[in-house]
Amino acid sequence: MILALYFLEKLVIIPTYNEIENIPIILKAVFSLKLNYHVLVVDDNSPDGTADAVEQLKLFYPGQLFLKKRQGKLGLGTAYIDGFKWAVKHNYEFVFEMDADFSHNPADLERLYEACKYENYDVSVGSRYVEGGKIENWPLDRHIYSKGGALYTRMITFMPVKDPTAGFVCYRKKVLESINFDEIKFVGYAFQIEMKFVAWKLGFKIKEVPIIFIDRKIGISKMSGKILKEGVFGVLTIQFKSLFGNYRKRMKINADSFAKPALSRTDS
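Quick look at the structure, then.

Rules of the game
- Residues numbered from 1 in each chain as written.
- Predicted model: local features only at pLDDT ≥ 70, side-chain atom pairs only at ≥ 80, totals over all residues.
- Heavy atoms only, no water.
- Pairing = 2+ DSSP bridges.
- Helix = DSSP H or I, 4+ residues; strand = E, 2+ residues; numbered from the N terminus.
- Axes fitted to C-alpha atoms, helices over the stretch in contact; angles between N-to-C directions.
- Contact = heavy atoms within 4.5 Å.
- Salt bridge = Lys/Arg side-chain N within 4 Å of Asp/Glu carboxyl O.
- Buried < 20%, exposed > 50% of the residue type's maximum accessible area, 1.4 Å probe, protein only.
- Expected span 1.5 Å × (residues − 1).

Considering the sheet that holds strand S2 (residues 37–43)
Strand order in this open sheet of 7 strands is S3-S2-S1-S4-S7-S5-S8, and the pairing throughout is mixed. Both outer strands of the open sheet, strand S3 (65–69) and strand S8 (206–210), are each paired with one neighbouring strand and no more. On average, each strand axis in the sheet is inclined to that of its neighbour by 20°, with strand direction left out of account. Bridge count for strand S5 (residues 123–127) against S8 is 5 bridges, and the pairing is parallel. In the sheet register, Ser127 faces S8, and the bridge partner there is Pro210.

Pasting the structure below:
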């Protein structure tokens, strides 16, 4: 089916692993906005049947809901990179990252979109640490890790983003077309930092939009000691790599290397 470019404007990427309880209600919340959002679920072979549930839900959201099934638990970063490549291939102009667990309020998608669409930013970040942003239902240790990690990242990288680990983000297509994803090495906590850092280093404009982040009520958090460790040492690695004179050249890619955008839907 041929779709007008207008209908390919906004894509929300939702990575999943064992989100069978959350996925039907998060999808309903996004589509209930009636603001022409499409959703790509990238599932890492969830043993709880998340992908099967999405397959069934595609019948209720034809031409709006898409599924990319992967062979195993390969990590958040690679899930998003697969989603980004799919989004660019299919010519979406604004591409969003969002969790499946309602930590990010789907109603805030439009605020991120407006920052890029109408205020001419290249990246908009749903931020917990700018004025008006906050976190609800987190224990004290999570607050300390997160706020301390954000401060640590800013001190090491000098990146002017107060919430560098935020996972609620909107990218213009031109940003994703410009990044050499082969050079994005992190898959967990540090992936979000590296994506924002590269976008900033390549000269793209970033805006932080205040959000209220609410800890998941259903399911189990994917946070682990390994992910936290990656964040600590990953920040040092990211900054170290950037000190070399060819950093921008290595991180930037010619948009022609992407497959040409498709106007028909042949993917799942």
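Section: the environment of Leu74
By secondary structure assignment, the location of Leu74 is in the loop between S3 and helix H3 (76–89). Between the C-alpha atoms of Leu74 and Val187, which are 113 residues apart in sequence, the distance is 8.1 Å. If near-sequence neighbours (up to four positions away) are discounted, Leu74 is found in contact with Asp44 and Val187.

Considerations on the pattern of salt bridges
Scanning the model with the defined rule gives 14 salt bridges in all. The salt bridge partner of Lys134 is Glu136, with a shortest N-O separation of 3.7 Å. A residue is classified by how much of its surface remains accessible, and Glu136, at 29% relative accessible area, is partly exposed. Between Lys241 and Glu194 there is a salt bridge, and its shortest N-O distance comes to 3.3 Å. Residue Lys241 is located in helix H8 (residues 225–242), and its partner Glu194 is located in helix H7 (residues 189–201); the two are separated by 47 residues in the primary sequence. Comparing Lys241 with Glu194 shows no difference in burial state: the two are buried. Within this structure, Asp44, Arg70 and Asp82 form a network of salt bridges that share partners.

Some details on H3
Taking 1.5 Å per residue as the helical rise, H3 with its 14 residues ought to reach 20 Å, and the 20 Å between its terminal C-alpha atoms agrees with that figure. Taken together, the buried positions of H3 are occupied by Gly77, Ala79, Tyr80, Ile81, Gly83, Phe84, Trp86, Ala87 and Val88. Asn91 occupies a position one or two residues after H3 and carries a positive phi of about 70°.

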